[in-house]
Amino acid sequence: MSAAVKYTLGRIGLFVLVLAALWPVDMNVFLKLMLALAFSAAASFFLLRGWRDEMAEEMAAAAERRRAEKERLRAALAGEDQPDDSADRPDSK
């Protein structure tokens, strides 16, 4: 499973857990939702640190792959990526 999916599901799970804990409290539903959002965000900062770091590493690796592919394509379009065939053939003097 992707680290981004794990982290997102973890954030949603924490939100639902905090909301369920606040549900019996007698207050406005909108206030319950806002408190659940704030508390779950604070809890995820500490509890989901590993998954967040893993997701950041995956995103950085994907960005690096895209950058390298973009550079390779630019070089190919500029004609810099074409092999020199004359140096490889022994009869081309």
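What comes next is a walk through the structure. Remember, predicted model here, so these are calculated numbers, not experimental data. (Residues numbered from 1 in each chain as written. Predicted model: local features only at pLDDT ≥ 70, side-chain atom pairs only at ≥ 80, totals over all residues. Heavy atoms only, no water.)

The subject of this paragraph is the side chain of lysine 32. Tracing the backbone shows lysine 32 in helix α2 (residues 29–47). One buried charge, lysine 32, has no salt-bridge partner; the nearest side chain with opposite charge is aspartate 26, at 6.4 Å. Those residues in contact with lysine 32 that sit more than four places away from it in its chain are Leu19, Leu22, Trp23, Val25 and Met27. (Helix = DSSP H or I, 4+ residues; strand = E, 2+ residues; numbered from the N terminus. Buried < 20%, exposed > 50% of the residue type's maximum accessible area, 1.4 Å probe, protein only. Lys, Arg positive; Asp, Glu negative; His and termini not counted. Salt bridge = Lys/Arg side-chain N within 4 Å of Asp/Glu carboxyl O. Contact = heavy atoms within 4.5 Å.)

A few words on the packing of helix α1 (residues 3–22) against helix α3 (residues 49–77). It is at 8 Å that the axes of α1 and α3 come closest, and there the two elements cross at 145°. Seen along the crossing, α1 lies across α3 with a hand that is left-handed. Contacts from Ala3, Ala4, Lys6, Tyr7 and Gly10 of α1 reach α3 at Trp51, Arg52, Glu54, Met55 and Glu58. Residue composition of the contact of α1 with α3, grouped by class: 5 nonpolar, 1 polar and 4 charged. (Axes fitted to C-alpha atoms, helices over the stretch in contact; angles between N-to-C directions. Left-handed = near helix turned anticlockwise from the far one by under 90°. Nonpolar A, V, L, I, M, F, W, Y, C, P; charged D, E, K, R; others polar.)

This paragraph deals with the pattern of salt bridges. For the coordinates displayed, the defined rule picks out 4 salt bridges. Of the charged contacts in the structure, one is a salt bridge between glutamate 69 and arginine 72, with a shortest N-O distance of 2.7 Å. Here glutamate 69 and its partner arginine 72 are both found in helix α3, 3 residues apart, which amounts to about one turn of the helix.

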